[in-house]
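Below are the chains, spelled out letter by letter.
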There are 2 protein chains.
Amino acid sequence: MPARSKKGNAMIRFYNGKTLRFTPGVHITSDEVWTDGGVIVYVGAPREDKPAFEREIDLGGDLVMPGFKDAHTHTAMVFLRSLADDMPLDRWLSEQVWPNEAKLTEEAVYDLTRLGILEYLSSGITASFDMYVKNDAYAQANIDSGFRTVICAALNNFDADVENIEREYLKFNALHPLVSYRLGIHAEYTTSMERMEYMASLAEKYREPCFLHLSETRAEVDGCLERYGLTPPQLIDRVGLFRYGGGGFHCTHMSGEDVALFAEKKLWAITNPASNLKLASGIAPLEKMRRAGVKLAIGTDGAGSNNALDMFREMYLAAALQKVAEGDASALPADRVLEMACVGGAEAMGLSDCTDIAPGMRADLVVLDLQRPNMQPENNLIKNIVYAGSKENVRLTMVEGRVLYERGEFHVGESADEIYRRANNFIRKIRD
Amino acid sequence: MPARSKKGNAMIRFYNGKTLRFTPGVHITSDEVWTDGGVIVYVGAPREDKPAFEREIDLGGDLVMPGFKDAHTHTAMVFLRSLADDMPLDRWLSEQVWPNEAKLTEEAVYDLTRLGILEYLSSGITASFDMYVKNDAYAQANIDSGFRTVICAALNNFDADVENIEREYLKFNALHPLVSYRLGIHAEYTTSMERMEYMASLAEKYREPCFLHLSETRAEVDGCLERYGLTPPQLIDRVGLFRYGGGGFHCTHMSGEDVALFAEKKLWAITNPASNLKLASGIAPLEKMRRAGVKLAIGTDGAGSNNALDMFREMYLAAALQKVAEGDASALPADRVLEMACVGGAEAMGLSDCTDIAPGMRADLVVLDLQRPNMQPENNLIKNIVYAGSKENVRLTMVEGRVLYERGEFHVGESADEIYRRANNFIRKIRD
């Protein structure tokens, strides 16, 4: 271990606490963790030959663990929070979401993305899988905040310039280490067969996985069956979008055959339990998919439908809703849900170096405060996190080796108050 | 307004913020709030003739509102948090809850209650409706913490001394201003007809309402139908326990006739959505009950089944689960849920002077931090609280005019660390 970082970056030491690791199997150690620039360089017992750290963080018994990955979201939709509640999905989209989204400028997407990132950080989320509009402004807000994001293409019938997808794919995968881009369409019900086939040709050309909103509502499934005689997963597979993998957001209404298809093709089912409740879409069959071997991850969806960007809420719901839906309190246990939130999301997004606290992994991590009443007594730390954890437990959030959030304060290049001010200016403008 | 408090107690002023009031109808003002001892003495515009306050709290735009009431809980069950997850209700009770509860001492109930109260305060809860064991130790922990509680009798077949209920009723209703006591039985399935009839005679003697666990699971309802040919609400009404009002905890499985009975007799249905999910008990028909005019309140249930004591979680679930259960995203709107949590709970518990921010009401209130990402932008504050609020937003919790929690710190007469230490000592002892 060098006395100083090879890269000249700041080295940070986390010590005197616990470390949660996922390999081999989820377990908790008393290891300390060293980061160097954007990378974790050491996880193990305290050592004599310590380098000169820029900062040594005394955990005081608190827990270092991999950050949560928000594997399906629309970050800038925070402007719709509490603006359009208590409506079914079709009316919510046509009467509130689409008309208001038409008013979004590049500047607004930048400002609103800034706000959404603050909320991710306060919840211990270190990366997002985002599908939305005006990706240049969106990417810049992430870069300026120091936050990691994977942009998902959202081809649909409203796009004027279909070829823009390929340009974006090439541009955003070369832009910045914090930004990457995956292929996708918005959904079957918003995308013509011709455009789906075009996306399949891109997936083939670049050997890339594809993602989309899939079987979110009963009406979507029924519509697809009427149009094509196939369920959405069957259709998307038939068109060739899943040739190199990928998966679906929501997957609320999956038939037995759909589940078998997802397992066989190693596709990701990315669940959004809070949004599915609030829009009355349903409860995804996570336990059935888990038993069938389907790969699972968790997302918040946008704040317009959720209305929070809070991984603790999602984890609790993912587990608890399975218990009531299956009539079986042992369905979808806590350690599996934690793995979905930290590891599954990263793998679905293509962030295979953000899955664990281990040397060589990116330094995307969170420190949870265990000295709070909801983490006491210490019967079982993992169950405490999944079944009782909340944002009050997020002491620190680090992305790519930089502390972006600590003890309620944000370190993202501008003040939270300024970000709130601009977001409120925008909503006043569109409501007038 | 006197220059000094008549009672010689500390006067506190909250200013420069917002105030949420429930009468007439839920609304938000820019009023300031003055407390004097345990009472709210002024709510209105800033005034020239200010008394000498002991403390003036600059809200900086934050919100004062009535505290949440946890209308069904078993506080000391925090020791079972994460100890016995992922089991159905019957096995959970017989294999984990009852054997471990047998090990509870008076000292343990005191210590564990202290811990549970910390968690209430961190969630903005200012009073609990508690049904558990060793009520002397329980009441003392509340008094020593400065917390308000209503104890509910829990008569059942395991009680050796049936007449103790009447002694407790007389003792705890005279003990301390923070403590009161209501009649009740544990549940139909744990209480013989003879004992239910005894409780009905007490309700008659003192003209008191009665509460109990009611129609929590399908199995409970089926068992009652088999034993008596009546649903639990019908039976309890027939036995006379509801002669002077009262209500049921859970009310998960209510027939149309049960709902009509509750509406007609003005009984309280106290819902516990998180616990009902986690134990796979079901989803209570809150929207149907609301439409029928049934009085509604919310509780966390104990941390053994929930596993958190977090009113934000309960409010979100109460609303969101109705939307998915009814297939209608407009079911149970946010303002109604907030009223259940703040006003309904207080009325169910007999705390009619803890329902609002108004002169003459007890000074049981909470300050919510609105300068957090989840409360932005400010489209609709009430929906922000119910659909996106979390414990991170609880800036201050006051009970009976005393600040017991502020910016993460507890002021309950002893340190949180000491309370955690004793709780952990107890669980180590019972596990060895």
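See the structure above.
Residues numbered from 1 in each chain as written. Chains lettered and ligands numbered in written order. Predicted model: local features only at pLDDT ≥ 70, side-chain atom pairs only at ≥ 80, totals over all residues. Heavy atoms only, no water.

Engineer: If you had to explain the interface of chain B and chain A to someone new, which residues and values would you point to?
Structural biologist: The figure often quoted for interface size is the accessible area lost as the parts come together. With 62 residues of chain B at the contact, the number on the chain A side is 62 residues. Counting across the chain B and chain A interface gives two salt bridges. Residues B:Lys391 and A:Glu392 are paired through a salt bridge, measuring 2.9 Å at the closest nitrogen-oxygen approach. When residues in the side of chain B that touches chain A are grouped by element, the largest group, seven residues, is from helix H11 (residues 311-326) of chain B. Tallied by class, residues from the side of chain B that touches chain A come to 30 nonpolar, 17 polar and 15 charged. (Contact = heavy atoms within 4.5 Å. Salt bridge = Lys/Arg side-chain N within 4 Å of Asp/Glu carboxyl O. Helix = DSSP H or I, 4+ residues; strand = E, 2+ residues; numbered from the N terminus. Nonpolar A, V, L, I, M, F, W, Y, C, P; charged D, E, K, R; others polar.)

Engineer: Give a detailed account of the relation of the copies chain B and chain A, specifying residues and quantitative values.
Structural biologist: Both copies of the chain are tied together by a single rotation about an axis and a shift running along it. Take chain B, turn it by 180 degrees, move it 0.0 Å along the axis, and it overlays chain A with an RMSD of 0.0 Å. The superposition of one copy onto the other is thereby described by a two-fold rotation axis. Closest to the rotation axis within chain B is the C-alpha of B:Glu392, separated from it by 2.5 Å. Of the residues that chain B buries at the interface, 100% are likewise interface residues in chain A, meaning the two copies contact each other through the same surface. (Least-squares fit on C-alpha atoms with pLDDT ≥ 70 in both.)

Engineer: If you had to explain unusual backbone geometry to someone new, which residues and values would you point to?
Structural biologist: Each neighbour pair has its own omega, and for A:Gln376 with A:Pro377 the value is -10 degrees, a cis peptide bond. With respect to the helices and strands, the residue A:Pro377 is situated in the loop between strand E16 (365-368) and helix H13 (381-388). Of note, the amide linkage connecting B:Thr23 to B:Pro24 takes the cis form, showing an omega dihedral of -5 degrees. Among the secondary structure elements, B:Pro24 is positioned in the loop between strand E2 (18-21) and strand E3 (27-29). We note that A:His250 has phi near 85 degrees; this positive angle belongs to a residue other than glycine.

Engineer: Quick rundown of empty space enclosed by the protein? Include the residues and the values.
Structural biologist: Within the structure shown, the criterion is met by three cavities of 30 Å³ or more. Reported here for the largest cavity is a volume of approximately 210 Å³. Together, 18 residues line the largest cavity, and A:Asp310, A:Arg313, B:Asp310, B:Phe312 and B:Arg313 are the ones closest to its centre. Counting only elements with at least two residues in the lining of the largest cavity, the list comes to helix H11 (311-326) of chain A together with H11 of chain B. Summarising the domain contributions, the lining of the largest cavity has at least three residues from each of domain 1 (11-67 + 362-410) and domain 2 (72-349) of chain B. A:Thr271, A:Pro273, A:Asn276, A:Gly282, A:Ile283, A:Ala284, A:Leu286, A:Leu317, A:Ala318, A:Leu321 and A:Gln322 together form the lining of the second largest cavity. (1 Å grid on protein atoms, 1.4 Å probe; cavity = no way out; pocket = protein on both sides within 12 Å on 5 of 7 lines; lining within 4 Å. Points joined across faces, edges and corners; volume = space filled by probe spheres on them. Domains from an automatic or database assignment.)

Engineer: Can you explain the pairing of strand E12 (residues 210-214) of chain B? Please cite residues and give values.
Structural biologist: All names here are of chain B. Taken across its five residues, E12 has five buried, putting it largely inside the fold. As defined by bridge partners, strand E11 (residues 179-187) adjoins E12 across three bridges and the pair is classed as parallel. The residue bridging Gly184 from the neighbouring strand is Phe211, located in E12. With helix H5 (residues 193-206) bridging E11 and the parallel E12, this β-α-β connection has right-handed handedness. As paired elements, E12 and strand E13 (residues 246-250) share five bridges and run parallel to each other. (Buried < 20%, exposed > 50% of the residue type's maximum accessible area, 1.4 Å probe, protein only. Pairing = 2+ DSSP bridges. Right-handed = clockwise from strand over helix to strand, strands pointing away.)

Engineer: How would you summarise the pairing of strand E17 (residues 394-399) of chain B if you had to cite specific residues and measurements?
Structural biologist: All names here are of chain B. Most of E17 is tucked away, with six of its six residues classed as buried. Examined bridge by bridge, strand E16 (residues 365-368) and E17 share four bridges and lie antiparallel to one another. Residue Leu368 lies in a different strand from E17, and its bridge partner there is Val394. If you look at the hairpin formed by E17 and strand E18 (residues 402-406), you'll find two residues sitting between the two strands, and Glu400 has a positive phi there, around 50 degrees.

Engineer: Give me the lowdown on helix H7 (residues 232-239) of chain B, citing residues and values where you can.
Structural biologist: Residues and elements named next belong to chain B. Looking only at H7, the buried set comprises Pro232, Pro233, Leu235, Ile236 and Val239. Along H7, the residues classed as buried sweep out an arc of 165 degrees about the axis, all on the same side. Looking at the buried side of H7, the elements it contacts are E11, H5, E12, helix H6 (218-228) and helix H8 (256-264). After H7 finishes, the residue Gly240 shows a positive phi value of roughly 100 degrees. (Arc of directions from axis to C-beta.)

Engineer: Go over the pattern of salt bridges, please, and point to the residues and values.
Structural biologist: In this structure the tally under the stated criterion is 66 salt bridges over all chains. A:Arg182 is the salt-bridge partner of A:Glu208, the closest N and O atoms lying 3.2 Å from each other. Remark: A:Arg182 occurs in strand E11 (residues 179-187) and A:Glu208 occurs in the loop between helix H5 (193-206) and strand E12 (210-214); sequence separation between them is 26 residues. Among the ionic pairs, B:Asp62 bridges to B:Arg395, the shortest N-O distance being 2.9 Å. You can see B:Asp62 sitting in the loop between strand E6 (55-58) and strand E7 (63-66) and its partner B:Arg395 sitting in strand E17, a full 333 residues away along the chain. On the basis of relative accessible area, B:Arg395 is assigned to the buried category, the value being 8%. In the salt-bridge network here, residues are joined through shared partners; they are A:Asp111, A:Arg114, A:Glu414, A:Glu418, A:Arg421 and A:Arg422.

Engineer: Describe H11(A), with residues and values.
Structural biologist: Helical geometry note: an α-helix holds 3.6 residues per turn, so side chains three or four residues apart project in the same direction. Residue and element names in this part refer to chain A. Between its first and last C-alpha atoms H11 spans 22 Å; for 16 residues at 1.5 Å apiece the expected length is 22 Å, and the two agree. The buried fraction of H11 amounts to 14 of the 16 residues, a majority that puts the element mostly inside the structure. Put simply, Asp310 is the residue that caps the front of H11, since its side-chain oxygen is 2.9 Å from the backbone nitrogen of Phe312. A positive backbone phi angle near 60 degrees is found at Gly327, which sits one or two residues after H11. (Expected span 1.5 Å × (residues − 1). Polar contact = N/O pair within 3.5 Å; in protein donor to acceptor, adjacent residues only side chain to side chain.)

Engineer: Can you explain the sheet that holds strand E5 (residues 39-44) of chain A? Please cite residues and give values.
Structural biologist: Residue and element names in this part refer to chain A. The four strands lie next to each other as E5-E4-E1-E6, forming an open sheet whose pairing is mixed. Both outer strands of the open sheet, E5 and strand E6 (55-58), are each paired with one neighbouring strand and no more. Direction aside, the axes of adjacent strands within the sheet are offset by 15 degrees on average. As paired elements, strand E4 (residues 32-36) and E5 share five bridges and run antiparallel to each other. Bridged to Glu32 within E5 is Gly44. (Axes fitted to C-alpha atoms, helices over the stretch in contact; angles between N-to-C directions.)

Engineer: Before we move on, could you go through the layout of surface pockets and cite the residues and values that matter?
Structural biologist: Approximately 1,100 Å³ is the volume found for the largest pocket. For the largest pocket, the lining is made up of 38 residues, of which A:Glu392, A:Arg407, A:Gly408, B:Arg407 and B:Gly408 are closest to its centre. Elements with a minimum of two residues in the lining of the largest pocket: strand E17 (394-399), strand E19 (409-410) and helix H14 (416-431) of chain A together with E17, strand E19 (409-410) and helix H14 (416-431) of chain B. In terms of residue class, the lining of the largest pocket is made up of eleven nonpolar, seven polar and 20 charged.

Engineer: Break down the sheet that holds strand E3 (residues 27-29) of chain A for me, citing the residues and quoting the values.
Structural biologist: Residues and elements named next belong to chain A. The seven strands are arranged E3-E2-E7-E16-E17-E18-E19 in an open sheet whose pairing can be described as mixed. At either end of the open sheet lies a strand with only one pairing partner, and these are E3 and E19. Pairing analysis gives two bridges linking strand E18 (residues 402-406) to E19, with the strands arranged antiparallel. Across the sheet, the residue bridging to Glu406 is Glu409, located in E19.

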